[in-house]
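# What the coordinates show
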Amino acid sequence: MVVPFQGYEIAVGLVSIMIAVSGMILGIGIAVGDRRLKEIGRDELYQSIINGVLVGALFAALVPGGIVNNLVNSLAPSSVQCSGVMSANYAICFASNFLTGLIPVSIGGHLYPTLMDSTLGLLVPAAAIYGTVSFIASIKVTAVFVSFGFGTLLQPVVSMLGYVIEALSFTLASLEIQGVLLYFVAATSLTALLPIGLILRSFYFTRRLGGTIIAITIALFVVFPLTYVMDAQLVSAYSAGTSGIGSISSTANSLKESVGGSLMSANVPANVLAGISSGITSFVSMVEGDLSGIMNVVAMVVVEAFFLPLFSIMLTIVSAREIARILGSELSFGKFDMF
């Protein structure tokens, strides 16, 4: 016999035992004419039969090749290849690659950069530009009897780059956390959470807890990854390139070399200083124009990494709560119950 998931045989055995036990209680109640024993035996027999149907239904639905599993796989893009625990659920596989992969994913027949790739594609050059511009801003020069620095001219650029780097750093951390969460869901849903839920639901005192765990498992394994597929399809049309930051980086390096070459002497002539100041002013104007577009790209990446996952969590919470009600349990998330 092929075991569909760990704990399946235990769940089937417990259901069989509980059917036998509840049947015995019902039989004793009928034999002695005890109404309470008959009610207890009848209720437990019904619940045991429901548990048996539930075990079979979840096996037919969630395991590889099951009805729900096939439906989830058909809704998720299948172009991404996964191995190990990720291979059982294409939606989790796609979501993980879309969040933390470095190879573009296919959505609707078109290739789009992953969020990790987009974030790194912005963060690495932004950090390099920040270092270059900060170096130029820290230079102090002397023209005749006057000392002069470029910090005031470059401060707006330094501030904007600082905001970009900070936002992208938090985005990178968020993507890593979500990737770990998806891996946890893929690794434990069918191997730990679902068997534990089925086992706990077989007993009277832990029935509600078992139903709650089953509901959470179904929501995490089915609804949660599908929301990422929906999010990716929603934002794919708004994906933008990040080529503008490359031109800023090359211009900043050129300006650094120009400034460094012109400031080799201790005293800089006023005309040279005026030329450098003019070049920096032109650079600031160019960067401020290009950074406005880059900030739009950063804003989109932040939305995809923070706000859309929050929406996914809300949908998962609502789904888990409604599934728990169907299973006869009550699932409360405190303040999240407003959803």
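These lines cover the structure that appears in this document, whether it is placed above or below. (Residues numbered from 1 in each chain as written. Predicted model: local features only at pLDDT ≥ 70, side-chain atom pairs only at ≥ 80, totals over all residues. Heavy atoms only, no water.)

Tracing the backbone through its elements, the reader meets Ala173 in helix 6 (residues 151–201). Between the alpha carbons of Ala173 and Ala305 there is a distance of 9.5 Å; along the sequence they are 132 residues apart. (Helix = DSSP H or I, 4+ residues; strand = E, 2+ residues; numbered from the N terminus.)

With that settled, consider the packing of helix 2 (residues 35–62) against helix 7 (residues 207–235). Packed helix pairs are specified by the crossing angle of their axes together with the interaxial distance, meaning the distance between the axes. Viewed as axis vectors pointing N to C, helix 2 and helix 7 meet at an angle of 15°, and their least axial separation amounts to 13 Å. The orientation of helix 2 relative to helix 7 falls into the category roughly parallel. Helix-helix and strand crossings are classified by hand; for helix 2 and helix 7 the assignment is left-handed. Contact residues: helix 2 offers Glu44, Gln47, Leu54, Leu58 and Leu62, while helix 7 offers Arg207, Ile214, Ile218, Phe221 and Val222. Partitioning the contact of helix 2 with helix 7 into residue classes produces seven nonpolar, one polar and two charged. (Axes fitted to C-alpha atoms, helices over the stretch in contact; angles between N-to-C directions. Parallel < 35°, antiparallel > 145°, perpendicular 65-115°, else oblique. Left-handed = near helix turned anticlockwise from the far one by under 90°. Contact = heavy atoms within 4.5 Å. Nonpolar A, V, L, I, M, F, W, Y, C, P; charged D, E, K, R; others polar.)

Let us now look at the pattern of salt bridges. Scanning the model with the defined rule gives four salt bridges in all. For Glu44, the salt bridge goes to Arg207, with nearest N and O atoms at 2.9 Å. One end of the pair, Glu44, is in helix 2; the other, Arg207, is in helix 7, and 163 residues separate them in sequence. Judged by relative accessible area, Glu44 falls into the buried class, the value being 11%. Across the salt bridge formed by Glu322 and Arg325, the nearest N and O atoms sit 3.2 Å from each other. One end of the pair is Glu322 and the other is Arg325, both in helix 9 (residues 270–326) and three residues apart, which spans about a single turn. What makes Arg325 partly exposed here is its relative accessible area of 44%. (Salt bridge = Lys/Arg side-chain N within 4 Å of Asp/Glu carboxyl O. Buried < 20%, exposed > 50% of the residue type's maximum accessible area, 1.4 Å probe, protein only.)

Before going further, it helps to examine the side chain of Asn51. Tracing the chain through its elements places Asn51 in helix 2. If we skip the residues at most four places from it in the chain, Asn51 touches Val15, Arg201 and Ser202.

With the rule as written, the count across this model stands at two aromatic pairs. Note on Phe94 and Phe98: the rings are 5.9 Å apart at their centroids and 10° apart in plane angle, and the pair reads as stacked. Of this pair, Phe94 and Phe98 are both found in helix 4 (residues 90–100), four residues apart, which corresponds to roughly one turn of the helix. With a centroid separation of 5.2 Å and an interplanar angle of 90°, the aromatic rings of Phe224 and Tyr228 are classed as edge-to-face. With Phe224 and Tyr228 both in helix 7, this residue pair falls four residues apart, about one helical turn. (Phe/Tyr/Trp six-rings, centres within 6.5 Å; stacked < 30°, edge-to-face > 60°.)

Taken as a whole, this structure holds one cavity of 30 Å³ or more when the rule is applied. Taken together, Phe98, Leu99, Leu115, Tyr228, Asp231, Val235, Glu304, Leu308 and Pro309 make up the lining of the largest cavity. Along the lines of polarity and charge, the residues of the lining of the largest cavity split into seven nonpolar, no polar and two charged. (1 Å grid on protein atoms, 1.4 Å probe; cavity = no way out; pocket = protein on both sides within 12 Å on 5 of 7 lines; lining within 4 Å. Points joined across faces, edges and corners; volume = space filled by probe spheres on them.)

Among the nonpolar cores identified, the biggest contains 44 residues, and Leu58, Leu62, Phe98, Leu198 and Ile214 are the most heavily contacted of them. Of all the secondary-structure elements, those providing two or more residues to this core are helix 1 (8–32), helix 2, helix 4, strand 1 (105–107), helix 5 (115–137), helix 6, helix 7 and helix 9. In terms of residue count, the dominant contributor to this core is helix 7 (11 residues). Contacts of Leu58, omitting those with residues within four sequence positions, involve Val63, Leu194, Leu198, Ile214 and Ile218. (Core = buried A, V, L, I, M, F, W, Y, C linked by side-chain atoms within 4.5 Å.)

A surface patch of nonpolar side chains, about 390 Å² in accessible area, is lined by Phe170, Val303, Phe306 and Phe307. In terms of residues, the nonpolar patch owes the most to one element, helix 9, which gives three residues. By the element assignment, Phe307 lies in helix 9. You can call Phe307 exposed: its relative accessible area is 54%. (Patch = residues over 30% accessible without salt bridge, like charges linked within 9 Å, V, L, I, M, F, W, Y side chains within 5 Å. Areas by Shrake-Rupley, 256 points an atom, 1.4 Å probe, with all protein chains shown as cover.)

Bringing helix 7 into the picture now. The end-to-end C-alpha separation of helix 7 is 41 Å, in line with the 42 Å expected for 29 residues at 1.5 Å each. Taken as a whole, helix 7 carries its principal kink of about 35° at Leu220. Of all 29 residues making up helix 7, 21 are buried, and the element is well covered by its neighbours. (Expected span 1.5 Å × (residues − 1). Bend = angle between axes of the 7 residues up to and from the residue.)

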